[in-house]
Amino acid sequence: YRMRLHGFLFFGIASNMVGATAFSPSGQAEKTSGTSLSSYLDSMNPNGIAAPKPASYGISGKSYTNVPSSPFDGQASANGAAAAFFPFAKADYFDTSYLVSKGPRATFDWGAPADATRKLGDDGLLRAGAWYCTNGGWESPNPKAATEVFWVLSGHGKLTDADGVEHHFGPGDNVIIPKGHTGRWDVYEPIHKVWAVNAHANIEETGSPIRVQVDHYHSWNEELLSALTVDNGVVVDDPLYGPFLQSSNGAAPSAKVFYNVGPTQVGVWSSAAGSSYRVQQGERAWIYCLEGVMFVTDGRTGEARRCEAGDTIVVPQGWYGYVDVVEGTKQLFTVAK
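Source: prediction; values computed, not measured.

Draft legend 1. Main features of the pairing of strand β23 (residues 321-336). Across the 16 residues that make up β23, a large majority, 13, are buried. Two strands pair when backbone bridges link them, and strand β19 (residues 276-279) and β23 are joined in this way by four bridges, in the antiparallel orientation. Bridge pairing links Arg278 to Tyr322 in β23. Note that strand β20 (residues 285-298) and β23 share twelve bridges and pair antiparallel. Opposite Glu291, over in β23, you have Lys330 as the bridge partner.

Here it is as structure tokens:
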């Protein structure tokens with residue numbers, strides 16, 4: 001636990017994964033069906049078998065009974081206590097034992113898929129949480145209502161575009177399903193993932209059909225990232241934290257944006273140990289920490305969180321504060337504009 005003078009962020013740090021080769025099953029029986037199916041994100045059931053942990057879980061110095069219904073607005077939580085920090089979760093917050101079961105899926109054409117979920121935050125545009133699903137397959141013919149980005153913690157599956165192009169994924173893969181996508185899901189080994197959703201207004205993809213994108217951990221090796229531009233001591237082109245003063249140790253972060261369509265940016269941000277950055281106008285973002293340790297300080301309250309591999313945090317548009325890197329860190333992020 002630390003105190004600072006400035007800062008505000010919604011950030012998520014992911015488990016320390018290594019790039020695993022995406023699974024490509026052979027001999028798996030697959031059927032097709034024209035059954036309509038709503039997005040699992042649009043039909044999350046608040047009732048279930050697992051009682052969520054309180055908002056105080058993973059947070060030092062404060063204890064609140066209820067998770068704030070609108071984590072970005074800084075308003076009072078359901079029990080009347082002011083929200084002290086933007087949504088933040090340690091890695092085991094999304095352990096499968098804490099996900100809320102939705103039971104068997106209503107429609108499927110093979111296996112017996114049942115899913116469970118847990119939401120971390122929702123500001124009306126950016127949502128974040130985790131999802132688990134057992135083996136099975138189903139058609140998804142209705143255009144997806146939002147752009148989803150997810151990081152695979154475990155399991156193997158496949159997403160298929162409307163024209164039959166297949167996208168296999170497994171642990172250590174990042175998957176992007178753009179708004180408007182249609183196709184199907186197949187889960188070959190139970191999938192556990194953390195996700196972010198940008199509920200932007202319009203379909204931004206121009207290709208037909210709209211395609212899923214899968215990016216692998218090894219494509220974010222340090223030598224494949226680009227050093228950010230420093231002009232008169234100011235880092236001017238940071239895609240996640242906005243312009244800020246160069247660290248006192250002379251270091252500048254590096255980054256790679258691998259999806260930039262309309263109001264959604266997805267990428268990786270990296271910085272060396274010992275770096276400290278004063279954020280003045282950060283982006284609304286979901287952050288999942290892949291590697292390292294850092295402190296994120298909320299400038300409104302001076303409160304800080306130790307964020308390490310496996311943790312998740314979500315920050316609002318325009319947040320301000322500090323990012324202090326203790327051990328070299330690499331972060332997967334989704335910016336929603």
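Continuing now.
Draft legend 2. Focus on the side chain of Asp109. Looking at the element boundaries, Asp109 is found in the loop between β3 (100-104) and β4 (110-111). Looking at Asp109, its side chain comes within polar contact range of the side chain of Arg184, at 3.0 Å.

Draft legend 3. Examining the nonpolar core more closely. Of all hydrophobic cores here, the largest spans 29 residues; its most connected members are Trp151, Val194, Trp220, Trp286, Tyr288 and Leu332. For this core, the secondary-structure elements that each account for two or more residues are β5 (114-122), β6 (126-133), β8 (147-161), β11 (183-198), β17 (254-261), β18 (264-271), β20 and β23. The next biggest cluster of nonpolar side chains, apart from the first, holds 24 residues, and it includes Trp269, Cys307, Val315 and Trp319.

Draft legend 4. Here's a closer look at the pattern of salt bridges. Counted by the stated rule, this structure contains 18 salt bridges. In this structure, the salt-bridge partner of Lys144 is Glu148, at a minimum N-O distance of 3.3 Å. Here Glu291 ties to Lys330 by a salt bridge, and the two come within 4.0 Å at their closest N and O atoms. Residue Glu291 is located in strand β20, and its partner Lys330 is located in strand β23; the two are separated by 39 residues in the primary sequence.

Draft legend 5. Representation of unusual backbone geometry in the model. With an omega of 0 degrees, the peptide bond running from Ser208 to Pro209 counts as cis. Along the chain, Pro209 turns up in the loop between β11 and β12 (213-216). Positive phi outside glycine occurs at Asn232, with the angle close to 55 degrees. With respect to the secondary-structure elements, Asn232 resides in the loop between β14 (230-231) and β15 (234-235).

Draft legend 6. Main features of the pairing of β8. β8 sits mainly inside the fold: 14 of its 15 residues count as buried. Strand direction decides the pairing type here: β8 and β11, joined by 13 bridges, are antiparallel. For Glu148, the partnering residue across the bridge sits in β11 and is Val197. One ladder, built from four bridges, connects β8 with strand β10 (residues 173-177); its direction is antiparallel.

Draft legend 7. Focus on the packing of aromatic side chains. Considering all chains together, one arrives at 18 aromatic pairs under this definition. Between Phe86 and Trp319 the ring centres are 6.4 Å apart and the planes differ by 65 degrees, which places this aromatic pair in the edge-to-face class. Placement of the pair is Phe86 in the loop between β1 (11-12) and β2 (88-89) and Trp319 in the loop between β22 (312-315) and β23, with a sequence separation of 233 residues. Aromatic pair Trp286 and Tyr288: ring centres 6.1 Å apart, planes at 10 degrees, arrangement stacked. The exposure class assigned to Tyr288 is buried, which follows from its relative accessible area of 1%. Feature note: the residues Phe86, Tyr241, Phe244, Trp269, Tyr277 and Trp319 constitute an aromatic cluster, connected by ring pairs. The ring of Trp138 carries Arg105 above its face, with NZ or CZ at 4.0 Å from the centroid. Directly above the aromatic system of Tyr93 lies the positively charged group of Arg118, at a separation of 3.6 Å from the ring centroid.

Draft legend 8. Geometry of the side chain of Asp238. If you trace the backbone, Asp238 turns up in the loop between β15 and β16 (244-245). Despite its burial, Asp238 remains without a salt bridge, the nearest opposite charge being carried by Lys337 at 10 Å. Side-chain polar atoms of Asp238 contact the backbone nitrogen of Leu240, separated by 2.8 Å. There is a polar contact of 2.7 Å between the side chain of Asp238 and the backbone nitrogen of Tyr241. Apart from residues lying up to four places away in sequence, Asp238 is in contact with Leu228, Phe244, Pro253 and Trp269.

Draft legend 9. Region of interest: the confidence of the model for the chain. Across the chain, the average pLDDT comes to 80, with 75% of residues at or above 70. Across residues 1-84, where pLDDT falls below 50, the model places 270 contacts with residues more than four positions away in sequence or in other chains.

Cut-off values and rules
Residues numbered from 1 in each chain as written. Predicted model: local features only at pLDDT ≥ 70, side-chain atom pairs only at ≥ 80, totals over all residues. Heavy atoms only, no water. Buried < 20%, exposed > 50% of the residue type's maximum accessible area, 1.4 Å probe, protein only. Helix = DSSP H or I, 4+ residues; strand = E, 2+ residues; numbered from the N terminus. Pairing = 2+ DSSP bridges. Polar contact = N/O pair within 3.5 Å; in protein donor to acceptor, adjacent residues only side chain to side chain. Core = buried A, V, L, I, M, F, W, Y, C linked by side-chain atoms within 4.5 Å. Salt bridge = Lys/Arg side-chain N within 4 Å of Asp/Glu carboxyl O. Phe/Tyr/Trp six-rings, centres within 6.5 Å; stacked < 30°, edge-to-face > 60°. Lys NZ or Arg CZ within 6 Å of the ring centre and 35° of its normal. Lys, Arg positive; Asp, Glu negative; His and termini not counted. Contact = heavy atoms within 4.5 Å. pLDDT = per-residue confidence, 0-100.

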